[in-house]
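The residues making up each chain are set out below.
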Amino acid sequence: MQELVLPAPAKLNRMLHITGRRPDGYHELQTLFQFLDHGDELRMRCREDGAVHLSPALDTVPDEANLIVRAARLLQAESGCPLGADILLTKRLPMGGGLGGGSSDAATTLLGLDRLWQLGLSLERLAAVGLTLGADVPVFLHGRAAWAEGIGERLTAVELDTPWFVVVHPGVSVATAAVFGATQLTRDTPPITMARALQGGAPGWRNDCEPTVRSLYPRVAAALDWLGARAPAMLTGTGACVFARVDTQAEAQRIVAELPGDYTAFTARGLNLSPLHAALNR
Ligand SMILES: C[C@@](CO)(OP(=O)(O)O)[C@H](O)COP(=O)(O)OP(=O)(O)OC[C@H]1O[C@@H](n2ccc(N)nc2=O)[C@H](O)[C@@H]1O
Ligand SMILES: Nc1ncnc2c1ncn2[C@@H]1O[C@H](COP(=O)(O)OP(=O)(O)O)[C@@H](O)[C@H]1O
């Protein structure tokens, strides 16, 4: 029986501006997404009886709310496919970490099952299904580092520098909705062009969520200060993870070796092609 083993990589928001708020409450963003060579892994097998089984279950997320199971069920509904799947999840990415783990799991499920069930759905159709699961799903489906606008669904592929990163998890989970619901959040950064965003690169980049997350989550503020004392540090997405770009893997590992006990961290390389797409193209 055919088995597919596919990565569900993390993403970083190398910069993030909030330029407005839509009538439905969602925020208009301008952001640069890049993938990391670190993430979850999904092992998928076809089932003839139409059932979708995920194991192991996540401690804090019931299966019917898990983005993997929801993605599989949506794909069955969208395609009319009678097949099901057994899905084995190796979860490495922290939840509510701003690394897009749930969205990435959903995108890997959609592309993996499209392959396993031999559906041949277009990327556009999969992205429309994916966007109903989360704003970050389309970028993981397209698989290219991207300049994103709207709520993250209007994507233009870009080539960014691909340095080593230190990613620190401060040991707290940040609720995306709490950050976007905060009164103090600034939502009026003037829109810029993609060319302007790319001009000058990383030294000019910032994340508009950072001041709000700093004040709501003191542990994230402390992690930004700790990492920032060693290399220029930023928040990814709405947090909780913070990251710093360094010149070499050795430098990244040196910083991780100094890590205080209440943080966890990993080192990873930035990638302009998602490891998911690299695996599917093999
Ligand atoms: C802002 C980003 C940047 O990557 O943050 P992270 O979640 O990765 O940290 C994402 O686009 C987040 O995407 P995602 O985590 O999929 O968010 P969703 O589940 O779609 O939305 C969670 C909640 O956040 C708010 N929300 C989300 C995205 C957005 N552009 N505007 C919003 O106001 C909405 O209240 C929504 O109900
Ligand atoms: N497969 C999944 N992996 C992670 N989180 C999931 C998954 N399915 C549902 N969720 C829910 O989505 C929320 C956001 O998860 P995640 O994508 O990891 O964080 P973020 O959006 O901050 O990067 C989690 O707190 C969890 O409740």
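Residue numbering note: each chain is counted from 1, following its sequence as written. Chains and ligands are labelled by the order in which they are written, letters from A for the one and numbers from 1 for the other. Selection of residues for local features in this predicted model requires a pLDDT of at least 70, selection of side-chain atom pairs for listing and counting requires 80 or more, and totals for whole chains, interfaces and linings are taken over all residues.

- Under an unreviewed UniProt entry, the protein has the name 4-diphosphocytidyl-2-C-methyl-D-erythritol kinase and belongs to Billgrantia pellis.
- UniProt positions are given in the numbering used here, feature names are shortened, and annotations may be inferred rather than shown by experiment. Its UniProt record gives the protein the following Pathway (unreviewed entry) comment, quoted word for word: "Isoprenoid biosynthesis; isopentenyl diphosphate biosynthesis via DXP pathway; isopentenyl diphosphate from 1-deoxy-D-xylulose 5-phosphate: step 3/6."

**Examining the site of ligand 1**
Here comes step 1: Should the C-beta atom of a residue, placed from the backbone, lie within 6 Å of a molecule or strand, that residue is near it. The immediate surroundings of ligand 1 are formed by 18 residues, with H27, G98, G134, F180 and G237 found nearest.
Here comes step 2: By definition, any uninterrupted DSSP run of H or I lasting at least four residues is a helix, any uninterrupted run of E lasting at least two residues is a strand, and each is numbered from the N terminus. Those elements that place two or more of their residues in the shell around ligand 1 are strand 2 (27-47) and helix 5 (176-181).
Here comes step 3: A per-element tally of the shell around ligand 1 places helix 5 first, with three residues.
Here comes step 4: What marks off one domain from the next here is an automatic or database domain assignment. When residues of the shell around ligand 1 are sorted by domain, at least three fall in each of domain 1 (3-158) and domain 2 (164-271).

**Some points on the domain arrangement of the protein**
Here comes step 1: Segmentation of the protein into domains returns domain 1 (3-158) and domain 2 (164-271).
Here comes step 2: One C-alpha centre belongs to domain 1, the other to domain 2; they are set 22 Å apart.
Here comes step 3: Every contact between the two is made by 28 residues of domain 1 and, on the other side, 34 residues of domain 2.
Here comes step 4: Top contributing element to the side of domain 1 that touches domain 2 by residue count: strand 1 (residues 3-21), with ten residues.
Here comes step 5: Among the residues forming the side of domain 1 that touches domain 2, the class breakdown is twelve nonpolar, 13 polar and three charged. Whether two residues are in contact is decided by their C-beta atoms, placed from the backbone, lying within 7 Å. Three classes are used: nonpolar for Ala, Val, Leu, Ile, Met, Phe, Trp, Tyr, Cys and Pro, charged for Asp, Glu, Lys and Arg, and polar for all others, with Gly counted as polar.

**Comments concerning the UniProt feature "domain: GHMP kinase N-terminal" (unreviewed entry) in the protein**
Here comes step 1: Listed under "domain: GHMP kinase N-terminal" (unreviewed entry) in the UniProt record, and renumbered for this structure, are residues 66-143.
Here comes step 2: Each end of residues 66-143 is marked by a C-alpha atom, and these two atoms are 22 Å apart; helix forms 56% of the span and strand 9%.

**As for the site of ligand 2**
Here comes step 1: Of all residues adjacent to ligand 2, which total 18 residues, the nearest are L67, M95, G101, G102 and D105.
Here comes step 2: Considering each element in turn, the shell around ligand 2 owes the most residues, four residues, to helix 2 (residues 101-116).

**A look at the pairing of strand 3 (residues 52-55)**
Regular strands show a simple pattern: their side chains alternate between the two faces of the sheet.
Here comes step 1: The two faces of strand 3 differ: V52 and L54 on one face are buried, but H53 and S55 on the other face are not.
Here comes step 2: When DSSP finds two or more bridges between two strands, those strands count as paired. Pairing of strand 3 with strand 4 (residues 84-90), which is carried by four bridges, proceeds in the parallel orientation. Along strand 4, the bridge assignment pairs L54 with I87.
Here comes step 3: Taken together, strand 3, helix 1 (residues 67-79) and strand 4 constitute a β-α-β crossover, and its handedness is left-handed. Field definition: a residue is buried when 20 or more other C-beta atoms are found within 10 Å of its C-beta, exposed when 12 or fewer are, and partly exposed for counts in between, with C-beta atoms placed from the backbone. Handedness is read with the strands pointing away from the viewer; a crossover is right-handed when the path from the first strand over the helix to the second is clockwise.

**Details of the environment of E149**
Here comes step 1: For E149, the position within the fold is in strand 5 (residues 146-149).
Here comes step 2: Leaving out residues up to four positions away in the same chain, E149 has contacts with Q30 and R154.

**So, the packing of helix 1 against helix 2**
Here comes step 1: For every element, the axis is a line fit to its C-alpha atoms; helices are fit only across the contacting stretch, and the angle between N-to-C directions ranges from 0 to 180 degrees. Two numbers describe how helix 1 lies on helix 2: the axes approach to 8 Å, and their chain directions differ by 35°. By crossing handedness, the relation of helix 1 to helix 2 is classed as right-handed. Facing helix 1, whose interface residues are L67, I68, A71, A72 and L75, helix 2 presents G102, S103, D105, A106, T109, L110, L113 and D114.
Here comes step 2: Here the contact of helix 1 with helix 2 is composed, by residue class, of eight nonpolar, three polar and two charged. Two helices cross in a left-handed way if the nearer one is turned anticlockwise from the farther one by less than a right angle. They cross in a right-handed way if the turn is clockwise.

**A look at the nonpolar core**
Soluble globular proteins tend to pack their nonpolar side chains together in the buried interior.
Here comes step 1: Among the nonpolar cores identified, the biggest contains 73 residues, and I68, L110, F165, V166, V242 and F243 are the most heavily contacted of them.
Here comes step 2: Residue-level mapping places this core at the junction of two domains, with at least three residues from each of domain 1 (3-158) and domain 2 (164-271).
Here comes step 3: When sequence neighbours within four positions are dropped, the list of residues in contact with F165 reads L12, L36, F243, A244, R245, A252, T267, A268 and G270. By convention in this section, buried Ala, Val, Leu, Ile, Met, Phe, Trp, Tyr and Cys residues joined through C-beta atoms within 7 Å make up a nonpolar core.

**Focus: the environment of E48**
Here comes step 1: Along the polypeptide, E48 turns up in the loop between strand 2 and strand 3.
Here comes step 2: The spatial distance from the C-alpha of E48 to the C-alpha of L83 is 5.2 Å, given a sequence separation of 35 residues.

**Looking at the UniProt feature "domain: GHMP kinase C-terminal" (unreviewed entry) in the protein**
Here comes step 1: Under the local residue numbering, the UniProt record ascribes the feature "domain: GHMP kinase C-terminal" (unreviewed entry) to residues 205-260.
Here comes step 2: Helix makes up 48% of residues 205-260 and strand 14%, whereas the separation of the span's terminal C-alpha atoms amounts to 27 Å.

**As for the packing of helix 2 against helix 3 (residues 123-131)**
Here comes step 1: Interhelical geometry of helix 2 versus helix 3 gives an angle of 145° and a closest axis separation of 10 Å. Crossing angle aside, the handedness with which helix 2 passes helix 3 is right-handed. Where helix 2 abuts helix 3, its residues A106, A107, L110, L111 and D114 lie against L126, V129 and G130.
Here comes step 2: A breakdown of the residues in the contact of helix 2 with helix 3 according to their chemical character gives six nonpolar, one polar and one charged.

**Description of the pairing of strand 2**
Here comes step 1: By the bridge criterion, 16 bridges tie strand 1 to strand 2 in an arrangement that is antiparallel. Bridge pairing in strand 2 links V5 to R43.
Here comes step 2: Hairpin connection, strand 1 to strand 2: the antiparallel pair is bridged by five residues, and G25 has positive phi, about 95°.
Here comes step 3: Pairing between strand 2 and strand 5: three bridges, direction antiparallel. Note that in strand 5 the partner of L32 across the bridge is W147.
Here comes step 4: Sheet topology places strand 2 next to strand 10 (residues 264-271); two bridges connect them, and they run antiparallel.

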